[in-house]
Amino acid sequence: MSITVSGLTKRFGQTDVLRGIELGVEQGELVALLGPSGSGKTTLLKIIAGLEWPDAGQLDVNGQDWLRLAAQERRIGFVFQNYALFPHMTVRDNLAFGLTVRPRAERPGRAVIAAKVDELLHFLQIVDLADRYPTQLSGGQRQRVALGRALAIEPNVLLLDEPFGALDAAIRRDLRRWLRGVHEATGSTTIFVTHDQEEAFELADRVVVMGAGRIEQIGHADAIHDHPASPFVARFMGATVELPVTLHAGRADGSGLDLSALERRALPDGPARLFVRPQDIAPRPDPAAPWRIASRTSNGAQLRLVLRHPDLGEAEADVPRRASAAEALTPDAAVRLTIEAGTIFPTDRRPGAASAEPVPLTSHKETAR
Amino acid sequence: MTAVATNTGAPVRAKRVLPGFTLSLGTTLLYMTFIVLIPVIALILKGAEIGPARFWAIVSSPRAVAAFQITLTAAVIATVFNALYGLLMAWVLVRYEFPGKRVLDALMDVPFALPTAVAGLSLTALFSANGWFGPVLAALGVEVVYTIWGIALAMAFTSVPFVVRTVQPVLEDMDPALEQAAVTLGARPWTIFTRVVFPAILPAWLAGCTTAFARSLGEFGAIVFIAGNLPFRTEIAALLAYIRLEEFDYNGAAAIALVLLAFALVLLLISNLLQFWASRYREAGR
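Residues numbered from 1 in each chain as written. Chains lettered and ligands numbered in written order. Predicted model: local features only at pLDDT ≥ 70, side-chain atom pairs only at ≥ 80, totals over all residues. Heavy atoms only, no water.

**Q** Give me the lowdown on the overall build of chain A, citing residues and values where you can.
**A** Tallying secondary structure elements over chain A gives 10 helices and 20 strands in all. On the principal axes, the C-alpha backbone points of chain A span a range of 85 × 45 × 35 Å. Considering chain A as a whole, with its 369 residues, one finds that 51% of them fall into the buried category. Intrachain contacts of chain A at a sequence separation of at least 6 include 68% that bridge at least 24 residues. Of the roughly 16,600 Å² of accessible surface on chain A, a fraction of 49% belongs to carbon and sulfur atoms. (Helix = DSSP H or I, 4+ residues; strand = E, 2+ residues; numbered from the N terminus. Buried < 20%, exposed > 50% of the residue type's maximum accessible area, 1.4 Å probe, protein only. Contact = heavy atoms within 4.5 Å. Areas by Shrake-Rupley, 256 points an atom, 1.4 Å probe, with all protein chains shown as cover.)

**Q** Any details on the overall build of chain B? Residues and values, ideally.
**A** In terms of regular secondary structure, chain B is built from 15 helices and 0 strands. For 286 residues, the compact-globule formula gives about 19 Å, and the C-alpha radius of gyration of chain B, at 25 Å, lies well above that figure. Counting every position in chain B, which comprises 286 residues, the buried fraction comes to 40%. On chain B, roughly 16,500 Å² of surface is accessible, and the fraction owed to carbon and sulfur atoms is 72%. Computing the positive centroid from 18 side-chain charges and the negative centroid from 15, chain B places the two 9 Å apart. (Rg over C-alpha atoms; globule rule 2.2 N^0.38 Å. Lys, Arg positive; Asp, Glu negative; His and termini not counted. Charge placed at Lys NZ, Arg CZ, Asp CG, Glu CD.)

**Q** Provide a residue-level description of the sheet that holds strand S5 (residues 64–65) of chain A, including the pertinent values.
**A** All names here are of chain A. The sheet built from 4 strands is open, its strands ordered S2-S1-S4-S5 with antiparallel pairing. The strands lining the two open edges of the sheet, one partner per strand, are strand S2 (15–25) and S5. Both strand S4 (residues 56–61) and S5 contribute to a ladder of 2 bridges, which runs antiparallel. Bridge assignment links Asp60 to a residue of S5, and that residue is Asp65. (Pairing = 2+ DSSP bridges.)

**Q** Now, about the confidence of the model for chain A: what can you tell me, with residues and values included?
**A** Residues and elements named next belong to chain A. Averaged over every residue, the pLDDT of chain A is 82; the share at 70 or more is 94%. When mean pLDDT is compared element by element in chain A, strand S8 (residues 189–194) scores highest at 91, while helix H10 (residues 364–368) scores lowest at 37. Here residues 350–369 is modelled with pLDDT under 50, and outside its nearest four sequence neighbours on either side it reaches 27 contacts, counting other chains as well. (pLDDT = per-residue confidence, 0-100.)

**Q** Could you give me a rundown of the domain arrangement of chain B, with the residues and numbers involved?
**A** All names here are of chain B. Under the domain assignment, chain B is made up of domain 1 (17–48) and domain 2 (62–284). Computed from C-alpha coordinates alone, the two centres of domain 1 and domain 2 are separated by 28 Å. With 5 residues of domain 1 at the contact, the number on the domain 2 side is 6 residues. For the domain 1 and domain 2 pair, buried surface summed over both sides reaches about 480 Å², with 85% attributable to carbon and sulfur atoms. In terms of surface lost to domain 2, no three residues of domain 1 exceed Leu43, Lys46 and Gly47, which account for 77% of the buried area on that side. Where domain 1 packs against domain 2, one counts 0 salt bridges. At the junction of domain 1 with domain 2, the criterion picks out 0 residue pairs in polar contact (both at pLDDT 80 or more). Tallied by class, residues from the side of domain 1 that touches domain 2 come to 3 nonpolar, 1 polar and 1 charged. (Domains from an automatic or database assignment. Buried area = accessible area lost by both parts, 1.4 Å probe. Salt bridge = Lys/Arg side-chain N within 4 Å of Asp/Glu carboxyl O. Polar contact = N/O pair within 3.5 Å; in protein donor to acceptor, adjacent residues only side chain to side chain. Nonpolar A, V, L, I, M, F, W, Y, C, P; charged D, E, K, R; others polar.)

**Q** Tell me about the UniProt feature "domain: ABC transporter" (unreviewed entry) in chain A, and name the residues and values.
**A** UniProt tags residues 3–237 of chain A as "domain: ABC transporter" (unreviewed entry). In the segment residues 3–237 of chain A, helix accounts for 37% and strand for 26%; the C-alpha atoms at its two ends are 27 Å apart. (UniProt positions renumbered as here; feature names shortened; annotations may be inferred.)

**Q** Now, about the nonpolar core: what can you tell me, with residues and values included?
**A** If you look at the biggest cluster of nonpolar residues, it comprises 68 residues, and the most contacted ones within it are Leu44, Phe86, Phe97 and Leu159 of chain A together with Trp205 of chain B. Top element by residues in this core is helix H11 (residues 189–218) of chain B. It accounts for 11 residues. Leu44 of chain A has contacts with Val5, Leu8, Leu18, Ile21, Leu23, Leu33 and Met210 of chain A, leaving out every residue within four places of it along the chain. Ranked by size, the runner-up nonpolar core spans 45 residues in total, among them Leu30, Leu129, Ala150 and Met237 of chain A. (Core = buried A, V, L, I, M, F, W, Y, C linked by side-chain atoms within 4.5 Å.)

**Q** An account of the domain arrangement of chain A is needed here, citing residue identities and associated values.
**A** Residue and element names in this part refer to chain A. Along its sequence, chain A is carved into domain 1 (3–226) and domain 2 (231–368). Look at where the C-alpha atoms of domain 1 and domain 2 centre, and you get two points 38 Å apart. Listed per partner, the contact involves 18 residues of domain 1 and 12 residues of domain 2. Each partner contributes to the roughly 1,400 Å² buried at the junction of domain 1 and domain 2, and carbon and sulfur atoms together form 60% of this total. Inspection of the region where domain 1 meets domain 2 yields 0 salt bridges. Counting the contacts that link domain 1 with domain 2 gives 2 residue pairs in polar contact (both at pLDDT 80 or more). For the side of domain 1 that touches domain 2, the per-class residue count stands at 7 nonpolar, 6 polar and 5 charged.

**Q** Tell me about the pattern of salt bridges, residues and numbers included.
**A** All chains considered together, the criterion is met by 28 salt bridges over all chains. The partner of Arg277 of chain A in a salt bridge is Asp280 of chain A, with the nearest N and O atoms 3.9 Å apart.

**Q** A description of a nonpolar patch on the surface should follow, citing residues and the corresponding values.
**A** Together, Leu30, Tyr31, Met32, Phe34, Ile35, Val36, Leu37, Ile38, Ile41 and Leu45 of chain B line one region of the surface with nonpolar side chains, adding up to about 1,000 Å² of accessible area. Structurally, Ile38 of chain B can be placed in helix H2 (residues 21–49). (Patch = residues over 30% accessible without salt bridge, like charges linked within 9 Å, V, L, I, M, F, W, Y side chains within 5 Å.)

**Q** Go over the interface of chain B and chain A, please, and point to the residues and values.
**A** Of the residues lining the interface, 23 residues belong to chain B; the matching set on chain A comes to 25 residues. Between chain B and chain A, the buried area comes to about 2,200 Å², and carbon and sulfur atoms account for 64% of it. Per-residue buried area on chain B facing chain A is highest for Thr184, Leu185 and Tyr281 of chain B; these three make up 32% of the total on that side. Run the count over chain B and chain A and you get 0 salt bridges. The interface formed by chain B and chain A contains 4 residue pairs in polar contact (both at pLDDT 80 or more). Where the side of chain B that touches chain A is concerned, the elements lending two or more residues are helix H10 (176–184), H11 and helix H15 (280–283) of chain B. The element contributing the most residues to the side of chain B that touches chain A is H10 of chain B, with 7 residues. The residue inventory of the side of chain B that touches chain A, partitioned by class, reads 12 nonpolar, 5 polar and 6 charged.

**Q** Mind laying out the UniProt feature "domain: ABC transmembrane type-1" (unreviewed entry) in chain B, listing which residues take part and the relevant values?
**A** Here the UniProt feature "domain: ABC transmembrane type-1" (unreviewed entry) sits at residues 68–271 of chain B. End C-alpha atoms of residues 68–271 of chain B are separated by 20 Å, and the span's content is 79% helix alongside 0% strand.

Set out below in structure tokens:
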């Protein structure tokens, strides 16, 4: 099933949750909606499911207008963040639910349902859990049952809301690989929501980065990582250091910065902003440079340096602790910053423009929990 | 530091994290003994004083049997009504937003707060031949005052909050994702109610219904005004016990009261068994 979303807007009270979403998902594709909380990704997923309704816009699936269909008629498989298994039913009954609630005319016979459930139990590798109640299952097992319950109705589209959000890191990794396998085996069009970049990039064919109700960028891991389309994506992808630079003939220049490693950019001359990840900043001792090391802390593998510039404020840099250059990087040393990679955006002068909005900082460390 | 120094091999005694265990448990037990246990034991002893033959004679006398029958029948009618109406009321109070919802919610407590005698008086005034409802119902051929319907009405009035107030919090706490999941799986509203929502609130509903039933069996104040209290026709068991007491027939009163007590205990037992059955999946595996 191919999904086409266009011009979708949604407002809760005073808040614009979605502000014009355009998105196409191909048959059999596995797409991640990635964004910080409040970016509207779950709302978009629920609109596709029919659990929320947009204020305006279109949602077509295989040419059919889904905004005319009730959730029951869309035949989607939805996996909830907290699984939402029916607590008073065994695993078997949970899996069978979607089949047993069909109108009598469409409902498969008991034997057919039982066979289908058995097949799912085998497929999900949870045969020995068949007669347990959800309270007797671990988080990972519940996740499998929730997915099985959604797959039982042979859904047109599979939608997952933060599918691994409540699990610990090791189980997440296992289930991620397993979900990829399930997706390949069933070939269903799948969309999942996550705030975890690692999860999104490892699992999805394409990643849709959302921020504040808009789609900021659509693409593959490398492209989004190396060429963020907006300051929002740059920050979200970990480029939390923002430095003012001046552009001249596509070359950037900044106080105490060595920017020769950056590509030339086709941007107008004048002031601009450079977004850099702390690990892409290499401080080099240079007595004439304006940057000073304000503090130095270690997490074992990495040194985190806080650098201070008399006019520009502070910046952070991560350097490997064992690197030979690291010894000279002691507090109060004067350094020049070599920027190994980064993205330049023209300074946005419009007040209140999207790129000027405060963005919650998210890094790998925070999201991996 | 002292732990290192002492090397006597004495077992370590864990300190309770919450203080006041002995004091609070002691107080509760003492209170339970004086307020619940001793009166119940006294009642049983009083009933046992007269010996089984005399006891049986009292409780199987035609007037007593009639009183028990009337009480039970009316309580069943009241409970069936409250089971349905209370569930509906809880549903409305939890699921919908409408102006005056808070007022309605507060009104639900009136039967709890109102002195039962006041309830009985106002119901009698409304349903008597010259009240607001009485003439209308009489025209339809329905008599409420001085009949078993009056008794059931008074019972229902005083016990409906038990159902509402036990179902309401459970319904409120239900995860909306459960119903959403059912919707995405293709279930229609009625199916969702019967297969997802109702099983979740069933234990609370059963608990509410049995407490309402037990309360109806023991209701006295509201009923005596509306029932007319005709022996063999509208005389409830609690009133009969009261009449025996006024006649200084302590043993007779105790015997009748004991039967009511037995009813209540059996009910509690059934209620707990039903709840245990209906929520078997919750404790499983813990």
